[in-house]
Amino acid sequence: MYFRGRIQRSLDPKGRLMLPPEFRKILNSRSEESRMVLTTYDGCVVGFPYPDWEEFETKVNSIRNAYLNVRNFRRLVLGGAEELVLDGQGRVRLSREHMEYAGIDGNEVILMGQGPRFEVWSPQRLNPMLEQNFEDVATALN
C-alpha cells in the first residue's frame, strides 16, 4: 500500500492535521500504534510510517561523504525529525518549527501521497511548483 493523491485539508486551531482515512489505513497497516515520523525535507513536511523512516534514516546515515552539503542535509532531515502517534481522531500535531519550515502560515495545507511517504505542503509553495513544464520527465518515461 502506498500513499497517493492530493488532498486539501485544514489545520485546527491547535495546529492538528486530520489525516484522511486512506492515509490512516496505510499508517495502521505499516506501523504499530500508527507511529510515524514527520521531518523537514524539500520545502515541505514529510511523513513516514515508522518502519519506513528507520530504513530512510539508515540510508541517510550510510552516506560516507563528509562534504558540508551532506552534513547540512543530515541536520535538516534528521534534526527536523519528530516521532509522533496519531490521536484517537486520526490527527497529528504539526510543530511550529515544521510549519515555519514549510511556509504554512494559515490553516490550509495540501497532503501529497508520495509512495512510501506523504508530504504536507503550503498551497502557496506547492501550486507554483506543479505549474512547471515537466516535458523532459514525460519524455524520459516514454
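See the structure shown above.
These numbers were taken from a predicted model, which means no experiment stands behind them.

1. Some remarks on helix H3 (residues 68–77)
A turn of α-helix holds 3.6 residues, and therefore any two residues three or four places apart point the same way.
At step 1: Along H3, the residues that are buried comprise Val70, Arg74 and Val77. Burial along H3 is one-sided: seen end-on, the buried residues are contained in an arc of 80 degrees. For H3, the exposed residues lying more than 90 degrees away from the buried face are Asn69 and Arg75.
At step 2: As for H3, its buried residues are in contact with strand S3 (35–41) and helix H2 (50–62).

2. Side note on the pattern of salt bridges
A side chain with one charge can pair with a side chain of the opposite charge if their charged atoms come near.
At step 1: As enumerated under the stated definition, the model contains eight salt bridges in all.
At step 2: Aspartate 52 is the partner of arginine 30 in a salt bridge, and the nearest nitrogen-oxygen pair spans 2.5 Å. Of this pair, arginine 30 sits in helix H1 (residues 21–30) while aspartate 52 sits in helix H2, and the two are 22 residues apart along the sequence.
At step 3: When its relative accessible area of 12% is taken as the criterion, aspartate 52 is described as buried.
At step 4: For glutamate 83, the salt bridge is made with arginine 35, and the minimal N-O distance between the two is 2.9 Å. Separated by 48 residues along the polypeptide, glutamate 83 in strand S5 (residues 82–85) and arginine 35 in strand S3 bring together distant segments of the chain.
At step 5: Judged by relative accessible area, arginine 35 falls into the partly exposed class, the value being 26%.
At step 6: Linked through salt bridges whose partners overlap, the residues forming this network are Asp12, Arg16, Asp87 and Arg91.

3. Some points on the sheet that holds strand S4 (residues 44–49)
Whether parallel or antiparallel, the strands of a sheet pair through hydrogen bonds between backbone atoms.
At step 1: In spatial order, the strands read S1-S7-S8-S4-S3-S5; together these six strands make up an open sheet with antiparallel pairing. Here the strands that pair on one side only, and so sit at the sheet edges, are strand S1 (6–10) and S5. Within this sheet the neighbouring strands show an average axis-to-axis angle of 30 degrees, counted without direction.
At step 2: Relative to S4, S3 runs antiparallel, the two being bridged by six bridges. Residue pairing across strands places tyrosine 41 opposite cysteine 44, the latter belonging to S4.
At step 3: Helix-sheet contacts for H2 involve S3, S4, S5 and strand S8 (117–121), and the interaxial angle to S4 is about 110 degrees.
At step 4: Running at roughly 50 degrees to strand S7 (residues 108–114), helix H5 (residues 123–130) makes contact with S1, S7 and S8 of the sheet.

4. Side note on unusual backbone geometry
At step 1: Backbone geometry at glutamate 33 places phi at a positive 60 degrees, although glycine is not the residue there.
At step 2: Tracing the chain through its elements places glutamate 33 in the loop between H1 and S3.
At step 3: You will see that serine 34, though not glycine, has its phi angle at about 55 degrees, which is positive.
At step 4: Note that serine 34 resides in the loop between H1 and S3.

Definitions and limits used
- Starting afresh in each chain, residues are numbered from 1 along the sequence in its written order.
- Per-residue local features of the predicted model are confined to residues with pLDDT of at least 70, and side-chain atom pairs are confined, for both listing and counting, to 80 or more; whole-chain, interface and lining totals are unaffected and use all residues.
- Hydrogen atoms and water are omitted, and side-chain values are computed over all heavy atoms in the structure.
- Each residue gets one of three labels from its accessible area relative to the maximum for its type: buried under 20%, exposed over 50%, partly exposed in between, using a 1.4 Å probe on protein chains only.
- Starting at the N terminus, helices and strands are each numbered in turn, a helix being any DSSP run of H or I of at least four residues and a strand any DSSP run of E of at least two.
- Think of the arc as the fan of directions from the helix axis to the C-beta atoms.
- The contact criterion used throughout is that any non-hydrogen atoms of two residues lie within 4.5 Å.
- Each reported salt bridge corresponds to a side-chain nitrogen of Lys or Arg within 4 Å of a carboxyl oxygen of Asp or Glu.
- Strand pairing is assigned whenever DSSP detects at least two bridges linking the two strands.
- Axis lines are fitted to C-alpha atoms, over the contacting stretch for helices. Their N-to-C directions set the angle, which ranges from 0 to 180 degrees.

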